[in-house]
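Given next are the chains, with one letter for each unit.
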Amino acid sequence: MSNKTNRRDFLGYSFAAVAAVGGAASLVGMKQAWDPLPSVLSGGFTTVDLAPIKAGTPETFVWRGKPVFVLKKSAEMDKSERDLIIGEDRFIVAIGLCTHLGCIPAWKDSMWKCACHGGEYNSSAKQTFGPPPRPLDVPPFKVDGTKLVLGETGPEYNAISAFVATQA
Amino acid sequence: MAKFEKANSVGEWLDQRLNLTTFNKVMMTEYWIPKDINFLWAMGVLLATTFGILIISGIFLMMYYKPDIGLAFDSVNYTIMQEVAFGWLFRHMHGVAASVVFLIIYIHMFTGIYYGSYKQGREMIWISGMLLFMTFSAAGFSGYMLPWGQMSYWAAMVITNLFGGVPVIGDALVVWIRGDFNVADATLTRFFMLHVFLLPITIMGIIGLHFYTLRVPHVNNQNSEEFDFDEEAEKYLAGNKRESKVIPFWPVFISKDLAVLGIFLIFYFYLVFFHYDFAMDPVNFDPANNMVTPAHIYPEWYFLWSYEVLRGFFFDIAGVKAFDVGLIAFAFANVIFLLLPWLDRDPAILPAHKRPIFFIWFWILMADLIVLTVYGKLPPTGTNAWVGFFAAVAFILLFLVLPIVTKIDAKKRGAL
Ligand code: FES
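As a starting point, this report considers the structure included with it. Residue numbers run consecutively from 1 along every chain, following the written order of its sequence. Chain labels run from A onward and ligand labels from 1 onward, assigned in the order the entries are written. Predicted model: local features are reported for residues with pLDDT of at least 70 only, side-chain atom pairs are reported and counted for 80 or more only, and whole-chain, interface and lining totals are derived from all residues. Computation of side-chain values: all heavy atoms of the structure, hydrogens and water removed.

Glancing now at the sheet that holds strand 10 (residues 141-144) of chain A. Residue and element names in this part refer to chain A. Should DSSP find at least two bridges between two strands, the strands are taken to pair. In this text, helices come from DSSP runs of H or I with a minimum length of four residues, and strands from runs of E with a minimum of two, each type numbered from the N-terminal end. On the basis of which strands lie adjacent, the open sheet formed by three strands has the order 1-11-10 and antiparallel pairing. Taken across any chain shown, the strands that pair with only one partner, and hence form the sheet edges, are strand 1 (46-49) and strand 10. Shown here is a sheet whose adjacent strand axes are inclined to one another by a mean of 25°, direction ignored. With four bridges connecting them, strand 1 and strand 11 (residues 147-150) associate as antiparallel partners. Within strand 11, the position partnered with Thr-47 by the bridge is Val-149. To obtain each axis, a line is fitted to C-alpha atoms, and for helices this fit is confined to the stretch in contact; angles are then taken between N-to-C directions over 0 to 180 degrees.

All right, on to the layout of surface pockets then. All names here are of chain B. Each cavity reported here is a set of points on a 1 Å grid over the protein atoms alone in which a 1.4 Å probe fits but cannot get out, each pocket an open set with protein on both sides within 12 Å along at least five of seven lines, and each lining residue one with an atom within 4 Å of a point. Grid points are joined across faces, edges and corners, and a volume is the space filled by probe spheres set on the points. What the largest pocket holds in volume is close to 1200 Å³. Along its surface, the largest pocket is lined by 45 residues, and Phe-141, Ile-159, Leu-162, Phe-163 and Phe-330 are the ones closest to its centre. Elements with a contribution of two residues or more to the lining of the largest pocket: helix 6 (123-145), helix 7 (150-162), helix 8 (170-178), helix 9 (185-215), helix 12 (304-312) and helix 13 (322-335). Top contributing element to the lining of the largest pocket by residue count: helix 6, with nine residues. In the lining of the largest pocket, the residues fall into 36 nonpolar, seven polar and two charged. Each residue is assigned to one of three groups, with Ala, Val, Leu, Ile, Met, Phe, Trp, Tyr, Cys and Pro labelled nonpolar, Asp, Glu, Lys and Arg labelled charged, and all others, Gly among them, labelled polar.

Moving on, we get to the interface of chain A and chain B. Accessible area lost upon the coming together of the parts is a frequently used measure of interface size. Any two residues whose heavy atoms approach within 4.5 Å at even a single point are treated as in contact. Counting residues at the interface gives 28 residues for chain A and 28 residues for chain B. Buried area between chain A and chain B, both sides added, is near 2500 Å², and the carbon and sulfur share of it is 69%. Contact with chain B buries area across many residues of chain A, yet Trp34(A), Leu101(A) and His117(A) alone supply 29% of it, more than any other trio. When a carboxyl oxygen of Asp or Glu lies within 4 Å of a side-chain nitrogen of Lys or Arg, that pair is called a salt bridge. Summed over the shared surface of chain A and chain B, the number is zero salt bridges. Any pair of N or O atoms that falls within 3.5 Å is considered a polar contact. Within protein, one atom must be able to donate a hydrogen and the other to accept it, and sequence-neighbouring residues count only if both atoms are side-chain atoms. For the interface between chain A and chain B, the tally reads seven residue pairs in polar contact (both at pLDDT 80 or more). Secondary structure elements with two or more residues in the side of chain A that touches chain B: helix 1 (3-33), helix 2 (38-42), strand 2 (59-63) and strand 3 (66-72) of chain A. When two parts are brought into contact, each loses some accessible area as probed by a 1.4 Å sphere; the total of that loss over both is the buried area.

Residues and elements named next belong to chain B. Throughout the structure, instances matching the rule amount to 14 salt bridges over all chains. The shortest N-O distance in the salt bridge between Glu-225 and Lys-245 comes to 2.6 Å. A residue pair is termed long-range when its members are at least 10 positions apart, and Glu-225 in the loop between helix 9 and helix 10 (229-237) and Lys-245 in the loop between helix 10 and strand 2 (246-248) qualify at 20 residues. Between Asp-346 and Arg-355 there is a salt bridge, and its shortest N-O distance comes to 3.6 Å. Taken individually, Asp-346 and Arg-355 each receive the classification buried, so the pair is uniform in this respect. Only protein chains enter the area calculation, which uses a 1.4 Å probe; residues under 20% of their type maximum are buried, those over 50% are exposed, and those in between are partly exposed.

Take a negative patch on the surface next. Residue and element names in this part refer to chain B. Together, Asp-228, Asp-230, Glu-231 and Glu-234 give the surface a local cluster of negative charge. By secondary structure assignment, the location of Glu-231 is in helix 10. The exposure class assigned to Glu-231 is partly exposed, which follows from its relative accessible area of 48%. Patch members must show over 30% relative accessible area and no salt bridge, and they are joined within 9 Å when carrying like charges or within 5 Å when they are nonpolar side chains of Val, Leu, Ile, Met, Phe, Trp or Tyr. Accessible surface area values rest on a Shrake-Rupley calculation with a 1.4 Å probe, where residue burial reflects the displayed protein chains alone. Only four residue types enter the tally: Lys and Arg on the positive side, Asp and Glu on the negative side, with His and both chain ends excluded. Charge positions come from single atoms, namely NZ of Lys, CZ of Arg, CG of Asp or CD of Glu.

This brings us to empty space enclosed by the protein. Evaluation of the coordinates by the stated rule reveals one cavity of 30 Å³ or more. If you add up the space inside the largest cavity, you get close to 40 Å³. Lining the largest cavity are His100(A), Pro131(A), Leu310(B), Arg311(B), Phe313(B), Ala322(B), Phe323(B) and Gly326(B). Of all the secondary-structure elements, those providing two or more residues to the lining of the largest cavity are helix 12 and helix 13 of chain B. It is helix 13 of chain B that provides the largest number of residues to the lining of the largest cavity, a total of three residues. By residue class, the composition of the lining of the largest cavity is five nonpolar, two polar and one charged.

This is the structure we're talking about:
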């Protein structure tokens, strides 16, 4: 092997090293350019007052552009470990997007029905029919008196989401 | 540097520098096409033309379109449709061409399957063609999103949600693709970039590749007859045109292509002027609303078959969630055509009517795709759901039995 070949090899390897570092750095940069912007991330909190909600009919709130269902259970509705208990009242808090492909299920009689592919969820947000693979997701929340702060997590949230995780 | 003589004309001057005469021969007058092909082989030229129409009409639309969730809907439905001179025409030309391009792609694809044009030696033609189909699908979908109507919005919602099915990183991937927790402004702008720049330029690159892949193995013919193109070309050049099995692309073959193109363009402009609405879903004339899902959502007709494969599996099978079975089936449907050259175990290239069982297989596949397409649009309830399920199962089975089917045909012919 001549000296010349070695020098060429060295040049080739140095270029490969520089290109690899530069390429990896660009990929990281490009990946991050597609991440949500700081303004999107910081706008992610919504406060919901639970006091005026009537039992038996769910209300929909908007959090991070997604619908959030809050249902105050009426006396005849099943109790579930998923219920958020505040004083005497039981609430179901769930992201209102079908866990199948993301349509918004509508409340009919005593369940949420998804028009897209026929998925159904009972009043405890558990899937009872059709393609949805898991119960409606729980949005992160913190309880603050009779208010719910969506986007932060508190102990009630941890307990409920741990229970929901076993339900899939 | 080569030696340059004084040129006597502009043509000569250019020829010395760009070698146009040779280029013209290689690309046009001595690019050989078999005589034995029918109008189905004109689909390539139809596609190139339709793609040209899409690019040009798209440029005109882009001059007024605003990729912002507050402005997009009105920029399309008011500015372009009402104010811009001929804006309505460019929109309808673009919308109809986007739909018709898939019709032609499907005809092109199934012509290839029928005549065995994906086999031995032509695998790269087939693969580059399928890559084109995939990039066209991505372009069609990203464009569908831009008017920011209800159907656009929920189509984007469903399609981006599909990435949630990717193991482990699914949820984070969905947020990353959207650039927001929801389908939002960031999503619209990046899909706009994909639709007007990255995907078209990728498509152009793959079109170049697709044309190039044809050069070595040459185009197939109706009888899948194998012959020596060089020998046949010599005959033609020696004046033995009657005996030669080939003709030059330009000007002989192209004349037939152009005749088919003429008929196609009449059909296309008939749609543009009188039936443009078939490519426009009425739901998309409601502005996007992230708090209301339309009662029933479905994709454009050209995606219905794979959409129906996705949702055909509506109950859990052997402990696997219906959702996952559907996703796996959907992924299967989208890659299986790519593997066709290797699923077909027949060593010979023959048209379907000379392979008796494959012939039946082919038409069952056609019928199944039509059933999937029709039921993909119907609400998935009651018997519809079951028809969808069986059609989806049939689709998968068809591809699983293909190696066996093609082997039996070959054995019967004594080729194996
Ligand atoms: S999106 Fe709700 S059932 Fe498919």
